[in-house]
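Geometric and topological summary
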Amino acid sequence: MAEREKFYITTAIAYTSRKPHIGNSYEIVLTDAIARYKRLQGKDVFFLTGTDEHGQKIEEYAKAAGVTPKQYVDKVAGEIREICDLLGTSYDKFIRTTDPYHERVIQKIFKKLYEQDDIYKGEYEGMYCTPCESFWTESQLVDGKCPDCGREVKPAKEEAYFLRLSKYQKQLEDYIEQNEDFIYPEPRKKEMLNNFIKPGLQDLCVSRTSFKWGIPVDFDPKHVVYVWIDALSNYITAIGYDPDGSSDMYKKYWPADVHIIGKDIVRFHTIYWPIMLMALGEPLPKQVFGHPWLLFGEDKMSKSRGNVIYADDLVNLLGVDAVRYYLLSEMPYASDGSITYETIIERFNSDLANTFGNLVNRTIAMQNKYFDGVIQSGDVNESVDDELKAFALDTVKKVEQNFTTYRVADAIEAVLNLAKRSNKYIDETMPWALAKDEDKKARLGTVLYNLLESIRFIAVLLSPFMPETSEKIFAQMNCDIKDYDSLSSFGATVVGTKVGTAEALFQRIDTEKMLAEIAAKQEAAAKAEEAAKPKEEKEEEIIEEISIDDFFKSDLRVAKILECEKIKKSNKLLKMQLDDGSGTPRQIVSGIAKWYAPEDLIGKKAIIVTNLKPVKLCGEISQGMLLSGEKDGEVAVTFVDLPVGAKIC
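Residues numbered from 1 in each chain as written. Predicted model: local features only at pLDDT ≥ 70, side-chain atom pairs only at ≥ 80, totals over all residues. Heavy atoms only, no water.

1. What to know about the overall build of the protein chain
Tallying secondary structure elements over the protein chain gives 22 helices and 26 strands in all. Computed over the C-alpha atoms, the radius of gyration of the protein chain is 29 Å, within 12% of the 26 Å expected from 2.2 N^0.38 for a compact globule of 649 residues. For the C-alpha atoms alone, the extent of the protein chain along its principal axes is close to 90 × 80 × 45 Å. Buried positions account for 50% of the 649 residues belonging to the protein chain. The contacts in the protein chain between residues at least 6 apart in sequence include a share of 74% that link residues at least 24 apart. As displayed, the protein chain has an accessible area near 30200 Å², and 49% of this comes from carbon and sulfur atoms. Averaging the coordinates of the 84 positive side-chain charges in the protein chain and doing the same for the 104 negative ones gives two points 1 Å apart. (Helix = DSSP H or I, 4+ residues; strand = E, 2+ residues; numbered from the N terminus. Rg over C-alpha atoms; globule rule 2.2 N^0.38 Å. Buried < 20%, exposed > 50% of the residue type's maximum accessible area, 1.4 Å probe, protein only. Contact = heavy atoms within 4.5 Å. Areas by Shrake-Rupley, 256 points an atom, 1.4 Å probe, with all protein chains shown as cover. Lys, Arg positive; Asp, Glu negative; His and termini not counted. Charge placed at Lys NZ, Arg CZ, Asp CG, Glu CD.)

2. Topic: unusual backbone geometry
Pro185 follows Tyr184 through a cis peptide bond whose omega is -5 degrees. In this structure, Pro185 sits in the loop between β8 (183-184) and α6 (186-197). The linkage connecting Trp254 with the following residue, Pro255, adopts the cis geometry, with an omega of 10 degrees. By secondary structure assignment, the location of Pro255 is in the loop between α9 (248-253) and β13 (258-262). Look at Asp143: it is not a glycine, yet its phi comes out positive at around 55 degrees. As for its position among the elements, Asp143 is in the loop between β6 (134-136) and β7 (154-163).

3. Quick notes on the nonpolar core
Buried together is how nonpolar side chains tend to be arranged in soluble globular proteins. By size, the foremost hydrophobic cluster in this structure holds 106 residues, and its most contacted members are Ile9, Ile22, Ile34, Leu314, Phe356 and Phe465. In terms of nonpolar packing, the next biggest core, distinct from the first, is built from 66 residues, Ile176, Phe182, Tyr226 and Val288 among them. (Core = buried A, V, L, I, M, F, W, Y, C linked by side-chain atoms within 4.5 Å.)

4. Some points on the confidence of the model for the protein chain
Residues with a pLDDT of 70 or more make up 92% of the protein chain, whose mean pLDDT is 89. For the stretch residues 536-543, pLDDT sits under 50, and the model shows three contacts to residues farther than four places along the chain or on other chains. (pLDDT = per-residue confidence, 0-100.)

5. Considerations on the pattern of salt bridges
A side chain with one charge can pair with a side chain of the opposite charge if their charged atoms come near. In the structure shown here, the tally under the stated rule is 39 salt bridges. Salt-bridge contacts for Glu152 lead to Lys145; the nearest nitrogen and oxygen are separated by 3.6 Å. Note that Lys498 and Asp372 form a salt bridge whose closest N and O atoms lie 3.8 Å from each other. Of this pair, Lys498 sits in the loop between α18 (467-477) and α19 (511-532) while Asp372 sits in the loop between α13 (341-371) and α14 (383-404), placing them 126 residues apart in sequence. One salt-bridge network, held together by shared partners, links Glu53, Lys70, Asp74 and Arg96. (Salt bridge = Lys/Arg side-chain N within 4 Å of Asp/Glu carboxyl O.)

6. A look at the packing of helix α5 (residues 169-178) against helix α10 (residues 266-280)
In the contact formed by α5 and α10, the axes pass within 10 Å of each other and the chain directions differ by 110 degrees. Of the possible angle classes, the one that applies to α5 and α10 is roughly perpendicular. As for the relative orientation of α5 and α10, their crossing is right-handed in sense. Residue-level contacts link Gln171, Leu172, Tyr175 and Ile176 of α5 to Thr270, Ile271, Pro274, Ile275 and Met278 of α10. (Axes fitted to C-alpha atoms, helices over the stretch in contact; angles between N-to-C directions. Parallel < 35°, antiparallel > 145°, perpendicular 65-115°, else oblique. Left-handed = near helix turned anticlockwise from the far one by under 90°.)

7. Some remarks on the pairing of strand β20 (residues 605-609)
Among the five residues in β20, four count as buried, and that is most of the element. As paired strands, strand β17 (residues 556-566) and β20 are joined by five bridges and run antiparallel to one another. Residue pairing across strands places Leu556 opposite Val609, the latter belonging to β20. (Pairing = 2+ DSSP bridges.)

8. A short note on the pairing of β13
Within β13, five of the five residues are buried, which leaves the element mostly enclosed by the surrounding structure. Of the two faces of β13, the one holding Val258, Ile260 and Gly262 and the one holding His259 and Ile261 are both buried throughout. Pairing of strand β1 (residues 6-11) with β13, which is carried by three bridges, proceeds in the parallel orientation. Directly across from Thr11, in β13, lies its bridge partner Ile260. Of the strand pairs in this sheet, β13 and strand β14 (residues 288-291) are connected by four bridges, and their pairing is parallel. Each bridged residue has a counterpart across the sheet, and for Ile261 the counterpart in β14 is Gly290. Viewed along the sheet, the connection from β13 through α10 into β14 turns out right-handed. (Right-handed = clockwise from strand over helix to strand, strands pointing away.)

9. Here we look at the sheet that holds strand β11 (residues 215-216)
Overall, antiparallel pairing links the three strands, which are arranged β10-β12-β11 in an open sheet. Each of the sheet's edge strands pairs with one partner strand only, and the pair in question is β10 (207-208) and β11.

10. Quick look at α13
For α13, spanning 31 residues, the distance from its first C-alpha to its last is 42 Å, which sits close to the expected 45 Å at 1.5 Å a residue. Along α13, the sharpest change in direction is near 40 degrees and occurs at Gly357. Immediately downstream of α13, the backbone of Asp372 shows phi near 55 degrees, a positive value. (Expected span 1.5 Å × (residues − 1). Bend = angle between axes of the 7 residues up to and from the residue.)

11. Thoughts on the sheet that holds β7
Strand order in this open sheet of four strands is β6-β5-β7-β9, and the pairing throughout is antiparallel. Each edge of the sheet is formed by a strand with only one pairing partner; in this case those strands are β6 and β9 (204-205). Pairing of strand β5 (residues 119-129) with β7, which is carried by ten bridges, proceeds in the antiparallel orientation. Bridging from a neighbouring strand, Tyr128 pairs with Lys154 of β7.

12. Concerning the side chain of Asp220
Note on placement: Asp220 falls in the loop between β11 and β12 (224-225). For Asp220, the side chain forms a polar contact with the side chain of Lys121, separated by 2.9 Å. Look past the residues within four positions of Asp220 in its chain and what remains in contact with it is Lys121, Glu159 and Tyr161. (Polar contact = N/O pair within 3.5 Å; in protein donor to acceptor, adjacent residues only side chain to side chain.)

13. What about α10?
Because the α-helix completes a turn every 3.6 residues, residues three or four places apart line up on one side. Taking 1.5 Å per residue as the helical rise, α10 with its 15 residues ought to reach 21 Å, and the 21 Å between its terminal C-alpha atoms agrees with that figure. Of all the bends in α10, the greatest, near 25 degrees, is centred on Trp273, and the proline Pro274 appears no more than four residues after it. Of all 15 residues making up α10, 15 are buried, and the element is well covered by its neighbours. Backbone geometry just after α10 places Gly281 at a positive phi near 80 degrees.

14. Some details on the packing of aromatic side chains
By the definition in use, this model includes 29 aromatic pairs. Note on Phe110 and Phe219: the rings are 6.1 Å apart at their centroids and 40 degrees apart in plane angle, and the pair reads as tilted. Placement of Phe110 in helix α4 (residues 100-115) and of Phe219 in the loop between β11 and β12 is noted, with a sequence separation of 109 residues between them. What makes Phe110 buried here is its relative accessible area of 1%. Between Trp228 and Tyr272, the ring centres sit 5.4 Å apart and the planes meet at 65 degrees, which makes this aromatic pair edge-to-face. (Phe/Tyr/Trp six-rings, centres within 6.5 Å; stacked < 30°, edge-to-face > 60°.)

What follows is the structure, encoded as structure tokens:
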């Protein structure tokens, strides 16, 4: 028996600062879908994920929580792993950087690099960003703040060990240019070469003395190994790398076929990590894929913004596969994706309940109604059947092509399109009409056979994305032909099999009712959080100071409300058309329906913010913000008696 082709795939390891939100969870679901697809193809897959658990930030969080750093990371790492399991991910190993074997090998790696003079001792002086755990020079700062996260930095000076990035710059540059698929997508590759590598690499700080929560440098114990060598090396320590002699497992799976990571850490994985491997004399990973972010509406998720959605909350509302489907189908290939409760419910109803669910439900129901569930032979062929068969076979090719370049959203769309084509086939063949004519019974049997076989194609191809749903479809079909090779031709469904009972895969959601329930839960959670605050914290309102330049970035103008109406899908949103003096009507959506009837606003003049990024709310574009004030739960719009278009300053 021939040895199966190996495929080693990893996520970035999650930082154990706090419970991950749904944007963080996208990566593990994306990686899981790729791993499942490769297994479906028959590859020997090893899928690694885990947690990054050292650093100054963890030490500070633990101190604030009144626990040891290890106690703190044990709790958060447990939450991260629970979410991975909740989302049905099929990882083969979950590494923690506090695992003793990892810590031992990191010390060996550090010592090896030091002894061969790829690491040297020096002194670092610069501006330090604690959240990013990064040093920056003055010239690298943006408006005096961290160029990565935009937060405040502070001066820092300490003795440190450095990795000689500069020594390997030319070798790395040549490698990236000679291996065009190493960094994906293409824009990430250009960014790394033009913005970071070609301008010149500075040697990298790889140890710290200002905190203790890290892996000690065994030959200089006042230093701890800094994040880059510690965290990035997990990809090789997890499978048995050791400078003194690596395991058979390491020799089998390394180099990794792909690292799946967020676009914000591409630099670390395509500059620092390859240079570490070059210095160790080890092969580089075959590919680094930097995926975009999942945003809440138009914003990056942040607890301080109050726009965080957690995976477990979504799963409780919609089920695991519905969450997986949304995450995988909504994220574009190279640009950021978006999630709101409104859009996820809309996709649930349109794609899952209407398209996939309706197709399976009515096909199984018709098979039971017209043939007592027994599958008939499909030998009364017409041209419309050939079209469906060709579409199904072409879908397999499209899915394979899209997975080759990790266009996972396009792959799942191809499967959705097969379901849509199958629903169209029902309308074209009209089984209910065929059933009325006894002479067309054989033709009816063929139509239903083709539908069931198309559904079987869908169930196989859906298995990487929605494994539970795939199994439910197979159960309703009473079918166990689930292998990928069975999709090489159309017709593997077994004649004479009796299908099961038709059951709804997804129940349609009452959008308004669910949104109201979500809003009520959020309000209750906010009240509970407020009640739990210490008294002095409640009384003190913390206002972030901004500069006068920041204030004048907002364009405030007087606008007249020309039209106003309620949005049908929401009980809190009003849609307005306004004249802001620009000559072009402006549409704004505002959550003030509780306090104002539409007719009370028409003709009034109010202040609006005109230079906000447009955002879609309940399917409607909002091109700005209506200024209002809030006190004790009551909201009032700021009406003015000024000329339309007047600038507020």
